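A look at the structure
Read off the chains here:
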Amino acid sequence: AVSQQIQEIQGAIKNRDLNVTLLDRLIELDLNAAIFVTLNPAGKDYRGRSEIPDNLKALFRPIAMTYPDKELIAEVFLRAEGFIAAKTLALK
């Protein structure tokens with residue numbers, strides 16, 4: 001199962017192992033690797049998609065994604081460059 005393979009990879013990274021065995025094959029492991037899972041809702045707008053199984057969800061920490069505040073980002077960049085009217089300019 002996928003959850004078992006992910007658990008093997010996560011365990012190897014945690015133990016700082018340079019190799020991991022998956023499906024009877026020895027795989028070289030990059031210790032800077034990471035695994036991310038996108039949870040798509042199984043609603044009407046996502047036809048054909050299903051929820052991720054609980055045993056797979058249990059291997060990951062949930063996070064929430066939000067839209068970036070583009071005006072705030074622009075204001076910070078402008079202020080860092082010395083613009084006095086950064087707040088006004090960021091609105092444009």
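For the structure itself, consult the block above.
Below is a summary of the structure that appears in this document. (Residues numbered from 1 in each chain as written. Predicted model: local features only at pLDDT ≥ 70, side-chain atom pairs only at ≥ 80, totals over all residues. Heavy atoms only, no water.)

Pairing between strand β1 (residues 19-22) and strand β2 (residues 25-28): four bridges, direction antiparallel. Bridge pairing links valine 20 to isoleucine 27 in β2. (Pairing = 2+ DSSP bridges. Helix = DSSP H or I, 4+ residues; strand = E, 2+ residues; numbered from the N terminus.)

On to the pattern of salt bridges, then. In this structure the tally under the stated criterion is two salt bridges. Among the ionic pairs, glutamate 75 bridges to arginine 79, the shortest N-O distance being 3.2 Å. Note that glutamate 75 and arginine 79 are positioned in helix α3 (residues 70-80) at a spacing of four residues, about one turn of the helix. Lysine 87 is paired through a salt bridge with glutamate 75; the nearest N and O atoms lie 3.7 Å apart. Pair noted here: lysine 87 is in helix α4 (residues 86-90) and glutamate 75 is in helix α3, with a separation of twelve residues, a long-range link. Accessibility expressed as a relative area gives 15% for glutamate 75, which makes it buried. Among the charged side chains, a network of salt bridges with common partners joins Glu75, Arg79 and Lys87. (Salt bridge = Lys/Arg side-chain N within 4 Å of Asp/Glu carboxyl O. Buried < 20%, exposed > 50% of the residue type's maximum accessible area, 1.4 Å probe, protein only.)

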